[in-house]
Amino acid sequence: MRDDLAQMYKNVLRCRKVVENLLFFVRQSRQERRKIDLNEAVDSALELLEYRLVKTEDVRVVKELRPEGAEIAGDSNRSSKCS
């Protein structure tokens with residue numbers, strides 16, 4: 001299990017770097033800071049990873065989000081949010 005987790009961690013870091021590089025080339029807009037709902041950001045990130053985690057890696061994800069949500073100030077173009 002430790003080897004599987006180490007491999008998953010390595011792949012997550014690799015994917016993160018790929019996404020960062022893609023965003024660097026695609027995005028030409030200025031930073032736009034606004035309130036970002038962390039629950040929505042987590043849901044969005046998990047949607048991106050769900051197939052791989054559940055179907056190919058056999059990982060069970062348990063979400064425990066705050067019912068009232070939590071907001072932070074950030075750039076929605078640089079967050080995990082997809083929409």
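Model, not experiment: these values are computed from the prediction. (Residues numbered from 1 in each chain as written. Predicted model: local features only at pLDDT ≥ 70, side-chain atom pairs only at ≥ 80, totals over all residues. Heavy atoms only, no water.)

1. Quick word on the overall build of the protein
- When helices and strands are counted, the protein shows 2 helices and 2 strands.
- Scanning the protein from its N terminus toward the C terminus, one meets helices and strands in the order α-β-α-β.
- In the protein, which comprises 83 residues, the share counted as buried stands at 18%.
- Of the contacts formed within the protein by residues at least 6 apart in sequence, a portion of 87% connects residues at least 24 apart.
- For the protein, the computed accessible surface area is about 7400 Å², with 53% contributed by carbon and sulfur atoms. (Helix = DSSP H or I, 4+ residues; strand = E, 2+ residues; numbered from the N terminus. Buried < 20%, exposed > 50% of the residue type's maximum accessible area, 1.4 Å probe, protein only. Contact = heavy atoms within 4.5 Å. Areas by Shrake-Rupley, 256 points an atom, 1.4 Å probe, with all protein chains shown as cover.)

2. Some remarks on unusual backbone geometry
- Even without a glycine there, the phi angle at Asp58 is positive, about 55 degrees.
- Asp58 gets classed as exposed once you look at its relative accessible area, which sits at 69%.

3. Regarding a nonpolar patch on the surface
- Residues Phe24, Phe25 and Val26 make up a contiguous nonpolar surface patch of about 410 Å² in total accessible area.
- Considering the arrangement of structural elements, one finds Phe24 in helix α1 (residues 2-26).
- On the accessibility criterion, Phe24 (60% relative accessible area) is exposed. (Patch = residues over 30% accessible without salt bridge, like charges linked within 9 Å, V, L, I, M, F, W, Y side chains within 5 Å. Salt bridge = Lys/Arg side-chain N within 4 Å of Asp/Glu carboxyl O.)

4. A short note on the environment of Leu53
- Tracing the chain through its elements places Leu53 in helix α2 (residues 38-56).
- The contact partners of Leu53, leaving out residues within four places of it in the chain, are Met8, Asp58, Val59 and Val61.

5. Section: the side chain of Asp37
- Tracing the chain through its elements places Asp37 in strand β1 (residues 33-37).
- Side-chain polar atoms of Asp37 contact the backbone nitrogen of Glu40, separated by 3.0 Å.
- With sequence-adjacent residues up to four places away left out, Asp37 is seen in contact with Gly69, Ala70 and Glu71. (Polar contact = N/O pair within 3.5 Å; in protein donor to acceptor, adjacent residues only side chain to side chain.)

6. Some thoughts on the layout of surface pockets
- Counted as a void, the second largest pocket has a volume near 170 Å³.
- Residues that form the lining of the second largest pocket fall into these classes: 4 nonpolar, 1 polar and 3 charged. (1 Å grid on protein atoms, 1.4 Å probe; cavity = no way out; pocket = protein on both sides within 12 Å on 5 of 7 lines; lining within 4 Å. Points joined across faces, edges and corners; volume = space filled by probe spheres on them. Nonpolar A, V, L, I, M, F, W, Y, C, P; charged D, E, K, R; others polar.)

7. What about α2?
- Over its 19 residues, α2 extends 26 Å from the first C-alpha to the last, a length consistent with the 27 Å expected when each residue adds 1.5 Å.
- Among all positions of α2, only Asn39, Ala41, Ser44 and Leu53 are buried.
- Contact partners of the buried residues in α2: α1 and β1.
- Sitting at the head of α2, Asp37 places a side-chain oxygen 2.7 Å from the backbone nitrogen of Asn39.
- Looking one or two residues beyond α2, the residue adopting positive phi is Asp58, at roughly 55 degrees. (Expected span 1.5 Å × (residues − 1).)

All we've got here are geometric facts, nothing functional implied.
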